[in-house]
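# Examining the three-dimensional arrangement
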Amino acid sequence: MSGTRTFTMIKPDAVKAGNSGAILKMIEEAGFRIVAMKLTKLSPEKAGEFYAVHKERPFYGELVEYMSSGPIIAAILEKDNAVEDFRKLIGATNPAEAEPGTVRALYGTSIGENAIHGADSDENAAREGSFHFAQVEMF
Ligand code: IDP
Ligand code: MG
């Protein structure tokens, strides 16, 4: 059975462009409840650790540099079928291929700078949530 929580980050390009409010509105209107949220900035070391699973991919260096380039908003979200429904709301990795009306179609600018992150499994949602929120069990 699928879980009720997912983890997201509004990425530096979207925060910088002033799209955080519009994106959070989409998230809430889609039925997600914000369980924990913070504006933060990842050091290159922390970004590298977060995306360690992509270490062997050719874009890893670029991804780490980009994700540490400015403030992000990290959040834990709650809804039935959270992980799958949230991936639907954000759309495909490449904004050019994302369904119209999805967050990435509306606010992403390239395959790298695609506005938002969404965990891809219940296990990763829990791992990524605890990476950013030490006190996650209290929420
Ligand atoms: P996802 O975020 O849709 O799950 P992943 O394949 O897990 O996509 O890639 C993680 C992140 O790495 C993407 O969201 C994007 O920011 C970046 N990325 C993925 N593919 C490329 C690429 O080909 N060039 C540059 N950056 C990429
Ligand atoms: Mg992924």
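Residues numbered from 1 in each chain as written. Chains lettered and ligands numbered in written order. Predicted model: local features only at pLDDT ≥ 70, side-chain atom pairs only at ≥ 80, totals over all residues. Heavy atoms only, no water.

### Considering the packing of aromatic side chains
- All told, the structure shown has 4 aromatic pairs when counted by the stated rule.
- Judged by centre distance (6.0 Å) and plane angle (45°), the rings of F7 and F50 are tilted. One end of the pair, F7, is in strand β1 (residues 5-10); the other, F50, is in helix α3 (residues 44-50), and 43 residues separate them in sequence. Just as F7 is buried, F50 falls in that class too.
- We note K46 situated over the ring of F131; from NZ or CZ to the ring centre the distance is 4.9 Å.
- Across from the ring centre of F32, 5.6 Å away, lies the NZ or CZ of K79, which sits over that ring. (Phe/Tyr/Trp six-rings, centres within 6.5 Å; stacked < 30°, edge-to-face > 60°. Helix = DSSP H or I, 4+ residues; strand = E, 2+ residues; numbered from the N terminus. Buried < 20%, exposed > 50% of the residue type's maximum accessible area, 1.4 Å probe, protein only. Lys NZ or Arg CZ within 6 Å of the ring centre and 35° of its normal.)

### A look at the pattern of salt bridges
- In total, this model carries 7 salt bridges according to the counting rule given.
- With a shortest N-O distance of 2.8 Å, E78 and R5 are connected by a salt bridge. In this pair, E78 is assigned in strand β3 (residues 72-78) and R5 in strand β1, connecting sequence segments 73 residues apart.
- Of the charged contacts, one joins R127 and E128 as a salt bridge, the two residues approaching to 3.8 Å between their closest N and O atoms.
- For R127, a relative accessible area of 40% corresponds to the partly exposed category.
- Judged by its relative accessible area of 5%, E128 falls in the buried class.
- The network of salt bridges with shared partners includes R5, R33 and E78. (Salt bridge = Lys/Arg side-chain N within 4 Å of Asp/Glu carboxyl O.)

### Section: the sheet that holds β3
- Overall, antiparallel pairing links the 4 strands, which are arranged β2-β3-β1-β4 in an open sheet. If you trace the sheet from one side to the other, it starts and ends with β2 (33-40) and β4 (116-118), each paired once. Shown here is a sheet whose adjacent strand axes are inclined to one another by a mean of 15°, direction ignored. (Pairing = 2+ DSSP bridges. Axes fitted to C-alpha atoms, helices over the stretch in contact; angles between N-to-C directions.)

### So, the side chain of D13
- Tracing the sequence through the fold places D13 in helix α1 (residues 12-16).
- No salt bridge is formed by the buried D13, whose closest oppositely charged neighbour, K11, lies at an N-O distance of 6.8 Å.
- A distance of 3.3 Å separates a polar side-chain atom of D13 from the backbone nitrogen of A115.
- Once you skip the residues sitting within four places of it in the chain, D13 turns out to touch Y66, Y107, T109, E113, N114 and A115. (Lys, Arg positive; Asp, Glu negative; His and termini not counted. Polar contact = N/O pair within 3.5 Å; in protein donor to acceptor, adjacent residues only side chain to side chain. Contact = heavy atoms within 4.5 Å.)

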